[in-house]
Structures are given as C-alpha cells and as structure tokens.
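If you want the building blocks of each chain, they are given just below.
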Amino acid sequence: MGKITKYLPSALVGSTIAAPLAYIAYIYQKDNHQKQHAVLRNFPLLGRVRYMAEHVGPELRQYLFSGDNEGLPFSRMQYQDIVKAGKYNERLIGFGSSRNFAEDGFYIRNSLFPKLRTELKVDNSQKVTTYQYVIDNEGLMSRKEHREEILTDPYYLRDEDAVVLGDGYCRQPFRIKGQVGMSAMSYGALGENAITALSKGLGIAGGTWMNTGEGGISDHHLAGDTDLIMQIGPGLFGVRTPGGEFSWEAFKEKADMEKVKAFEVKLAQGAKTRGGHLEGQKVTEEIARIRLIEPGKTVNSPNRFTEYDSFEKLFGFIEEMREIGGKPVGMKIVVGDVEGLEEMVQIMKDSGKGPDFITIDGGEGGTGATYQELADSVGLPILTALPIVDELLRQYGVRDRVKLIASGKLITPDKIAIALSMGADLVNIARGFMISVGCIMAGVCHTNTCPVGVATTDPDLQDGLVVGEKMYRVANYVMSLRAGLFNVAAAAGVESPTMLERKHLTHKDIQGRISSVGSMLHKIEQEERKEKDVEDLPVKN
Amino acid sequence: MKVFVFGGGGEVGEYLLRKLAAENHEAITIAETENRAEELKMIGASRVYVSKDYDFIEAISGCEAIIYVAGANPTAGENRNVLVDKEAVARAMEEARKQGIERVVYLSPARVDESAKSQETGDKKIPEELIKQDVFTYTIVYSSRGVHKPGKGMIDIITSPSKKVMEIPYEDVAAVLVESLTNKATYNKTIKVIAGNTSIENALKNI
C-alpha cells in the first residue's frame, strides 16, 4: 500500500505525458507515410488542423463568427425570428432594425394614415388555444423557462376576403382563410414526427393548408386537423398503377378524402429537374403503401410527366382531374423560360382551360436534397418570377381564373407582404416550418442524419422531436405570420393583406433611387425589345 | 336578458359578448368602425351600434342591464389616453337612470393586488361612487391581473386586498360578470375575485 502511494503521482504524471506523445508519434508516422493527402505528407499533425477547422467551421460561423444578418440560406436573425415566434409567441425587437439599408431592396409604402386595429377586416372571433414558453431566468449556461397555455387570436381573413381556389370552375372549391401554408414536403424527406407535428400544428392554427409533397398522402399528414393539397409529381406516387401509369381509380380515392382539398401537378421543379430517385432500401412497407410502389425496390421517376409533353395535353389532363375529382387542380412551376410561359398563358386564354392555381417556386426555394448546380442557378428567384407571371396572366385576361401561390424564402411577414403586393394570393413556406419544428440548419437533409430528427427517418434521431411540443410552435409561427401581415396591411393603409397590390411596394436601388414594380416590369420589356433588336443583327462572322 | 355592454371591444369585452350569447342573453354594444362592429357580431353581440363619438343613447334604449368594463370611454380603443373616463360613466349612469335600467355590473379598473395609492391613480375609483348611488342594483367586481389563458371556471372571493401578484384568465373575469348579472347574492356588493378553486357559480352563491 505504501509503495503504491509513493509511486502513484509519478505514474499518473508519466502516463499523462507519455500517452499523448505516443499518440502524436503514431499520427505523425501515419500521416507522413500516407499517399492520399499532400498537405499531411508535408505537414503531419499541423495539416490535421485544417480538416478539423473545415469540419467545425459551419458551426463556428453560425454561432460565433457570422454577424446576425449574415449566413445563407437564412441569417441568424431570420432563424431567431421564427424560433421566437414559435416558442415564445414573441415578435418584438429592441433598438431598431439591423437590416443594411444601404443595399437595394423592396420596401412597403407606408400610408400617412395607417389603419387602426379596429378598422382592419380581420376575423378573430374564435380564439385558439396553444402553448408558449415564458423565460423565468436566463444565465450564461442555462435558461429556466416554463410552458403556459394561452388563448390567442388566429388572425383569419373574413369570409368575404377568403381566397378561393377553383371558384366557379369545380364542384368543391377550396376556401382558405389565411394566406400562409406549408409548401410541399414529402413523408420520407421529412420524418414522421416532423410531418405529424406540422400537421397537428397547422390544424391548431386553422385557416391554412399542408402540401403533401410528391410522396403521397401519409397517415402523418392526416394526423392533424388541417386541409391538404395533394401534390402529384412525375413519379405519380399514390396515384399510380403497379405498371407506373396514372391510376384514375387511386386518384378518385384520394379526391374522395374530405381533408384533401386540392391537387397540384408538379412540372419541371428546380430540385427535381434531374428526376427523382428513391433507393430500394428506403422503400419500407409504409412508404410502399403510401406511394403505391413495391417495397424494397428502387424507383426512378422521370423529370417530367412522360405522357404530357405539351400544354394542350397537360391542360386536358387537368380538366379530367377536375372533372373526376371535383376539386381544384393547380400546377407547380419554376419560372425560367418566359417565352414558354407566355405560350402557356396564350393557350389558357384560347382554350379556356388551365389550372385553378399556379404555385411559383422561386429558384431560391428548397428543403431537402438537390444538386448544387440546380439549386444555385436553375430558375428565377421568386421576386423576379412572380410579377412576370402575374403580368402575363393580366395581359392575356386570365388572371381572375388563376390564383398564384408564391414560395422561396418568404419566411417573415414583411417578405410575405412583399410577395402579396407583387401579385401572390397565397404563400407557401417549407424551411420556415422546418425551423419551427426544430431544424437547426445543419445542412444534412440529404444524408438521413439530421441531428434534430426533422429531415430524417432514423427512429433514434426522430426520438428527439417531440410532437406534443413542436406542434404548438408550428401553430404559433403561422398565426404570428398572419398577425404580422395585418400589421403590414395597416401600415400600408389597407384593411386586409388581401388588398396589398403593386402600388404598396417600392424598390430602392443602391443609389437610393426608387422605382415601382410596374416600372421595373416595363424596364424588362424595354430590355427584351433591345435584345430582339440585337438578335436581328447579322450573325457575327 | 337584454344587456348593454360598455367596452365590448376590449379584452374582457370579447369574452363577455361570447359568454352572454352562450347564456342566451342579448348583448348590445358599440364599436368605432363598421369592420370592428362586424367582428363583434361574429363574436356574439346581437347588435352593434357604430359610433365614433360614443353616442350610446339610442343603443341603450330598451336594455334591462348594463355591464360596464371600465376603460371604455369616448377615447377608448387605440386612441385611449385616459385611464378611466369618469365623465363617460356619469353619462352612462344618467342615461340608464332616465331609461329605467336598474341593474349595473361594473368591472373596476383597479386590481385586487394594487396598492391603495395605485388604486386611486387617475381617479379610477370615483365611478364606483356614482354606481353605488340611488336607483341601481349594482355589483362591483375587482379582479387580479387578466391574461389571455383559457378560463378554468374556478375562482376565489377574497375579502382583503392581496399583495401577491396573481393572474386570472379574462375568460373567467367575463364569466364572473355574466354570472353576477342574475345572481342575487352579488346584488349591491363589491366583490374581489382571484383565480382559485371554487366554481364561479358556487363562489358567488356563497358571498
């Protein structure tokens, strides 16, 4: 015993020094003799610092080094806006905006006589029961808070202001009393807990909708009391025969579901321009049942509907769907080819056919997996695409038949109000809702390793996402967006956000000059004319 | 019962209109704009008069009772710039007297957990003296701080001011006012209400 006590300190000190030295020597030898990495051969050990920094860089940038308004796709400030609205039901900020006003951007034209709260056309006749967090005490390393049940105003549109899809064109039009809904997110892309929390949260808030994504209607989409727009992609998941053709029988079955209020045909969407690929090992019994495919078998879906390669055929298909289903049918597009779009609108006018709504997915949109080249450069951003579509529909006299749903990083009330002013009737949000159920922007949606259980089907990781907790954050977030829209409407001097128009919006360039949306579109036309003149020049030798 | 609600558009007022409708009373109130009037009808008011200058004389005609949620005054709503307009209460009581309305339920703007000095700020308590006068069968209600939480239907009546800051759902405050309307045990009494453990009906019955 005495000897052990005598030598123990020396042994501890010796091993504390010797063990790291031995490990360093091992790494040094290993790095110096490997042939794969030049930097490690030349600078063993030091070169490893580079890999480590690369690995933890995103986290360091997100939490330490990036400013509040830096970081893409969403800045820390934008992220916090969503979290605070969802968790604390709180949207107030202190000490003013941190937006860089020297940059160019859109601004709402505020009225010198804004509307009073009592002058707004809002329907808060039914309060909503939800939960919010209250902070009791916040320290450096901890935050003590508790959850409280509250009654809150839902900020619905009045019945007469409700946005109606398919009004006068189908047997069961879809009436919507809020202008913000969930963009297409399939079960599979998001896990069952995330989809369930979203469905229940949207159901609590009411007056909104959930787009199923092209993966079909899962039980998780149906878990809450919310309306669904079923998306149909080229893979025809959920509405296909075993041979891969469109199944009218399966479609009718879906159309008969009470919660399904409309259908959306997805055309050449940016993320899927490459076509879909679903690995066999991900096709579980449940996924197979939902998508009407064989379990365990890889499914490749084309990047467009094989049988609908022209607007005439597509519109015929939409007509048939509307006739058989009795519910509105829309189209989801990414705008890039303006000439092609004009051709589509011309055909809509000439044939009297076409979709009940068009969902315009901005090039900056996205949720899960795609390729960098498609994400970065395919399709126009929403605030460019939206007024083009709106203007074309107006020019051809078909705007009254079609509602426009806009999406693309429209995650805060001001951004949504700008889109509404530019011509959108409704707005879709995907990533904002992902954040409301706990997404921390880890950027690993395509790896099935989402650390917070949102974009993963891994049951262990999903265990972290508690539906009974997150569903209230979804509800609070969507209701706060609607409240914010009424705030902006009041500031613009109109009684409801449905009344926001182009005239309520102005653009300021980097020199401080302002222009209206109308004049910007006019500028585009002038530029196009110039381009056509150039095209008429003789070909360069 | 045909009840005129002063302050139907306020935080307690909205719950009051809903509660009165649920109890088959006929609730009448005033709004500043057409849009707000429509919303109050959706909530439960059977009739809403639109008046920017708070002209309630026509509206009050034929009513059998008044519920006055203090704070309602000619400059109520978003333009509010006084705590309680005692002149407005005086005018309301004068008109009620003329029209033979006897029953008045008044929610004091002074809270049970306020200090005596704070309760006097802005002459908050003066209207109570007007209501206690002569012809009216009154009930004056003091409550603790109201919050937008679901009502539990459970309260306690306290006899002395409480210094402890407490919350009570607006929904429960509204329920107390509506229950007081016809509960004879509350007639000509000032009651102090906090969130508690007794059902509203029983708590008021046993005053």
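Quick caveat, the model's predicted, so the values are computed rather than measured. (Residues numbered from 1 in each chain as written. Chains lettered and ligands numbered in written order. Predicted model: local features only at pLDDT ≥ 70, side-chain atom pairs only at ≥ 80, totals over all residues. Heavy atoms only, no water.)

S.K.: Looking at this structure, I do not really get the overall build of chain B. What am I missing?
M.R.: When you go through chain B residue by residue, the secondary structure sums to eight helices and 11 strands. Relative to a compact globule of 207 residues, whose C-alpha radius of gyration would be 17 Å, chain B shows 16 Å and is just as compact. Overall size of chain B, expressed as C-alpha extent along the three principal axes, is 40 × 35 × 35 Å. Residues classed as buried in chain B amount to 52% of the 207 residues present. Restricting to contacts in chain B with at least 6 residues of sequence separation, those with at least 24 account for 66%. Only carbon and sulfur atoms are counted for the fraction: they give 47% of the accessible area of chain B, which is about 9100 Å². (Helix = DSSP H or I, 4+ residues; strand = E, 2+ residues; numbered from the N terminus. Rg over C-alpha atoms; globule rule 2.2 N^0.38 Å. Buried < 20%, exposed > 50% of the residue type's maximum accessible area, 1.4 Å probe, protein only. Contact = heavy atoms within 4.5 Å. Areas by Shrake-Rupley, 256 points an atom, 1.4 Å probe, with all protein chains shown as cover.)

S.K.: Which parts of the structure should I look at to understand the domain arrangement of chain A?
M.R.: One widely used convention gives an interface's size as the accessible area the parts lose upon coming together. All names here are of chain A. The assigned domain composition of chain A is domain 1 (148-504) and domain 2 (507-536). With six residues of domain 1 in contact, the opposing surface of domain 2 contributes four residues. Together, the buried faces of domain 1 and domain 2 total about 490 Å²; carbon and sulfur atoms form 74% of this surface. The three residues of domain 1 that bury the most area against domain 2 are Pro-387, Met-422 and Arg-502, which together make up 55% of that side's buried surface. Here domain 1 and domain 2 share zero salt bridges between them. Counting every contact that joins domain 1 to domain 2 gives zero residue pairs in polar contact (both at pLDDT 80 or more). Within the side of domain 1 that touches domain 2, the residues separate by chemical class into three nonpolar, one polar and two charged. (Domains from an automatic or database assignment. Buried area = accessible area lost by both parts, 1.4 Å probe. Salt bridge = Lys/Arg side-chain N within 4 Å of Asp/Glu carboxyl O. Polar contact = N/O pair within 3.5 Å; in protein donor to acceptor, adjacent residues only side chain to side chain. Nonpolar A, V, L, I, M, F, W, Y, C, P; charged D, E, K, R; others polar.)

S.K.: Help me out: how do you make sense of the sheet that holds strand S19 (residues 514-516) of chain A in this one?
M.R.: Two modes of strand pairing occur in sheets, parallel and antiparallel, and in both the strands are linked by backbone hydrogen bonds. Residues and elements named next belong to chain A. Here we have three strands laid out as an open sheet, ordered S1-S18-S19, and antiparallel in their pairing. Both outer strands of the open sheet, strand S1 (105-108) and S19, are each paired with one neighbouring strand and no more. Across the sheet, the axes of successive neighbouring strands diverge by a mean angle of 35 degrees, strand direction being ignored. Pairing of strand S18 (residues 505-508) with S19 involves three bridges; the strand directions are antiparallel. Bridge pairing links His-507 to Ser-515 in S19. (Pairing = 2+ DSSP bridges. Axes fitted to C-alpha atoms, helices over the stretch in contact; angles between N-to-C directions.)

S.K.: Which parts of the structure should I look at to understand the packing of aromatic side chains?
M.R.: For any pair of aromatic rings, the description consists of the separation of the ring centres together with the inter-plane angle of the planes. All names here are of chain A. Taken as a whole and assessed by the stated rule, the structure comprises 18 aromatic pairs over all chains. Relative to Tyr-472, the ring of Tyr-131 lies with its centre 4.8 Å away and its plane at 65 degrees, an arrangement referred to as edge-to-face. In this pair, Tyr-131 sits in strand S3 (residues 128-138) while Tyr-472 sits in helix H15 (residues 467-492), placing the two residues 341 residues apart along the sequence. Owing to a relative accessible area of 22%, Tyr-131 belongs among the partly exposed residues under this scheme. Between Phe-246 and Phe-317 the ring centres are 5.0 Å apart and the planes differ by 90 degrees, which places this aromatic pair in the edge-to-face class. In this pair, Phe-246 sits in the loop between strand S10 (227-232) and helix H6 (248-255) while Phe-317 sits in helix H8 (residues 311-325), placing the two residues 71 residues apart along the sequence. Classification of Phe-317 by relative accessible area gives buried; the value is 2%. Site record: aromatic cluster; members linked through ring pairs are Phe-246, Trp-248, Phe-251, Phe-263, Phe-305, Tyr-308 and Phe-317. Here Arg-147 stacks its cationic end above the ring of Tyr-131, 4.1 Å away from the centre of that ring. (Phe/Tyr/Trp six-rings, centres within 6.5 Å; stacked < 30°, edge-to-face > 60°. Lys NZ or Arg CZ within 6 Å of the ring centre and 35° of its normal.)

S.K.: Explain the environment of Asp-460 of chain A here, please?
M.R.: Residues and elements named next belong to chain A. Structurally, the position occupied by Asp-460 is in helix H14 (residues 459-462). The class of Asp-460 is exposed, set by a relative accessible area of 66%. Along the primary structure Asp-460 and Glu-323 are separated by 137 residues, whereas in three dimensions their C-alpha atoms are 44 Å apart.

S.K.: Got a minute to help me understand the pairing of S10 of chain A in this structure?
M.R.: Each regular strand carries side chains that alternate between the two faces of the sheet. Residues and elements named next belong to chain A. Among the six residues that make up S10, five are buried, leaving the element largely enclosed by the rest of the structure. Summarising the sheet, strand S9 (residues 209-211) and S10 pair through three bridges and their orientation is parallel. Paired with Trp-209 across the bridge in S10 is Asp-227. Looking at chain direction, S10 and strand S11 (residues 260-266) are connected through five bridges and run parallel. Along S11, the bridge assignment pairs Ile-232 with Val-265. Crossover connection from S10 via H6 to parallel S11: handedness right-handed. (Right-handed = clockwise from strand over helix to strand, strands pointing away.)

S.K.: What is the right way to read the interface of chain A and chain B from this model?
M.R.: The interface is formed by 20 residues belonging to chain A together with 19 residues belonging to chain B. Here chain A meets chain B over a buried area of about 1700 Å², counting both sides, of which 45% is carbon and sulfur. Taken as a group, Thr-118, Leu-151 and Arg-158 of chain A account for 35% of the area that chain A buries against chain B, more than any other trio of residues on that side. Linking chain A to chain B there are five salt bridges. Note that Glu-39 of chain B is salt-bridged to Arg-117 of chain A, the shortest N-O span being 3.6 Å. Summed over the shared surface of chain A and chain B, the number is 11 residue pairs in polar contact (both at pLDDT 80 or more). At the level of elements, strand S2 (122-123) and strand S4 (143-152) of chain A are the ones that each hand at least two residues to the side of chain A that touches chain B. It is S4 of chain A that provides the largest number of residues to the side of chain A that touches chain B, a total of four residues. Its residues assigned to classes, the side of chain A that touches chain B comprises five nonpolar, five polar and 10 charged.

S.K.: Help me out: how do you make sense of the sheet that holds strand S8 (residues 154-158) of chain B in this one?
M.R.: Residues and elements named next belong to chain B. Pairing in this open sheet of nine strands is mixed, and the strands run S3-S2-S1-S4-S5-S6-S10-S8-S11 from one edge to the other. Only two strands of the sheet have a single partner each, and these edge strands are strand S3 (47-50) and strand S11 (198-199). Sheet contacts for helix H4 (residues 86-99): strand S1 (2-6), strand S4 (65-69) and strand S5 (103-107); angle to S4, the most-contacted strand, approximately 175 degrees.

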